[in-house]
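An overview of the molecular structure
The lines below spell out each chain.
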Amino acid sequence: MSNTLTIALSKGRIFEQAMPLLAAGGIRAAEDPEKSRKLILDTNDPRVKLVIIRASDVPTYVEYGAADLGIAGKDVLLEHGGEGLYEPLDLGIARCRMMVAGKPDAQLDGRTDRRRQRIATKYVRCAERHFAAKGQQVEIIKLYGSMELAPLVGLSDLIVDLVESGNTLKANGLVPLEHICEISSRLVVNKASWKMKHARVTALLEALRGAVTQQAA
Ligand SMILES: Nc1ncnc2c1ncn2[C@@H]1O[C@H](COP(=O)(O)OP(=O)(O)OP(=O)(O)O)[C@@H](O)[C@H]1O
Ligand SMILES: O=P(O)(O)OC[C@H]1O[C@H](OP(=O)(O)OP(=O)(O)O)[C@H](O)[C@@H]1O
């Protein structure tokens, strides 16, 4: 196993909000991923690299050991299933809620007059689990983004999506209807790296834990 610690994360809100926490652990990116086309970023520490990938790919890189650690939203981890990963720390960043939403007059009983209700979402597993727990058989339609459009054009009756300020729902004439779970980003660790690079991984974990506690105070 190499001596390098590789941390996988996505650019955008997770990178921006994770950087102050990583800085508390002594890690600073050498480049801004919004300005660089590089996918592997050096840091001030020659033994630490950042790999910049799609948010939903982070658990896969960490599960297979292509990255030792990762930072991923709980939504992404719930969809992935968390196999092969430890999830030792809630970083408390990129906070939002997973919700069922729809038009203000949408029914929540799982049925329309003639058929099962259709639910458009990127979060198929979470949506299946939520409606199954309510004893409702619904039809899940997998989308990759812009879920708010689906009820407006008759693709679905409801959506399952993330809500922070509620502005995206509001701008599209939709309302939040049911709360599924609170979401924030987590530190995840490859199981082999946890054993083989234990001292370095736990040193970083404890530095991040301290930074999270300080940020919350
Ligand atoms: N509006 C929001 N407010 C706060 N956190 C959010 C919001 N939307 C998403 N998140 C959180 O930030 C994470 C990353 O979101 P981002 O928009 O950067 O990626 P994405 O577009 O959802 O992922 P992908 O590129 O894999 O489709 C999400 O997995 C979620 O945990
Ligand atoms: O309640 P709000 O504050 O309006 O935030 C909610 C929006 O944020 C997320 O999208 P994002 O901005 O990440 O776009 P994307 O899904 O296309 O990446 C989510 O999918 C909602 O559309």
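As the structure is a prediction and not an experimental result, all values here were calculated from the model.

Concerning the site of ligand 1
- Around ligand 1 sit 15 residues, and of these R13, R54, S56, D75 and K122 come closest.
- The contact in question runs from an oxygen atom of ligand 1 to an N or O atom on the side chain of R13, over 2.8 Å.
- Contacts to ligand 1 include S56, whose side-chain N or O atom sits 2.6 Å from an oxygen atom.
- Look at ligand 1: alone it shows 620 Å² of surface, and the protein chains cover 79% of it.
- Those elements that provide at least two residues to the shell around ligand 1 are α1 (13-24) and α3 (74-80).
- Each of two domains, domain 1 (5-94 + 184-216) and domain 2 (96-182), supplies a minimum of three residues to the shell around ligand 1.

Section: the sheet that holds strand β6 (residues 96-102)
- The strand order across the open sheet built from five strands is β8-β7-β9-β6-β10, with neighbouring strands paired in mixed fashion. Every interior strand has two partners, whereas the edge strands, β8 (139-142) and β10 (175-183), have only one. If you compare each strand with its neighbour and ignore which way they point, the axes differ by 25 degrees on average.
- As paired strands, β6 and β10 are joined by seven bridges and run antiparallel to one another. Bridge pairing links V100 to E178 in β10.

Re the state of the cysteines
- Across all of its chains, the model carries zero disulfides by this definition.
- Not engaged in a disulfide, the cysteine C126 finds its nearest cysteine sulfur in C181; these two sulfurs lie 5.9 Å apart.

Examining the site of ligand 2
- If you check the shell around ligand 2, you find R13, E148, D161, L162, V163, E164, S165, G166, N167 and T168 and nothing else.
- Residue E164 places a main-chain N or O atom 2.8 Å away from an oxygen atom belonging to ligand 2.
- One of the side-chain nitrogen or oxygen atoms of S165 is found 2.6 Å away from an oxygen atom of ligand 2.
- When ligand 2 is considered free in solution it has 500 Å² of accessible area, and contact with the protein chains removes 63% of it.
- Counting only elements with at least two residues in the shell around ligand 2, the list comes to β9 (158-163) and α6 (167-171).
- If one sorts the elements of the shell around ligand 2 by residue count, β9 sits on top with three residues.

What counts as what
- Residues numbered from 1 in each chain as written.
- Chains lettered and ligands numbered in written order.
- Predicted model: local features only at pLDDT ≥ 70, side-chain atom pairs only at ≥ 80, totals over all residues.
- Heavy atoms only, no water.
- Near = heavy atom within 4 Å.
- Polar contact = N/O pair within 3.5 Å; in protein donor to acceptor, adjacent residues only side chain to side chain.
- Areas by Shrake-Rupley, 256 points an atom, 1.4 Å probe, with all protein chains shown as cover.
- Helix = DSSP H or I, 4+ residues; strand = E, 2+ residues; numbered from the N terminus.
- Domains from an automatic or database assignment.
- Pairing = 2+ DSSP bridges.
- Axes fitted to C-alpha atoms, helices over the stretch in contact; angles between N-to-C directions.
- Disulfide = S-S within 2.5 Å.

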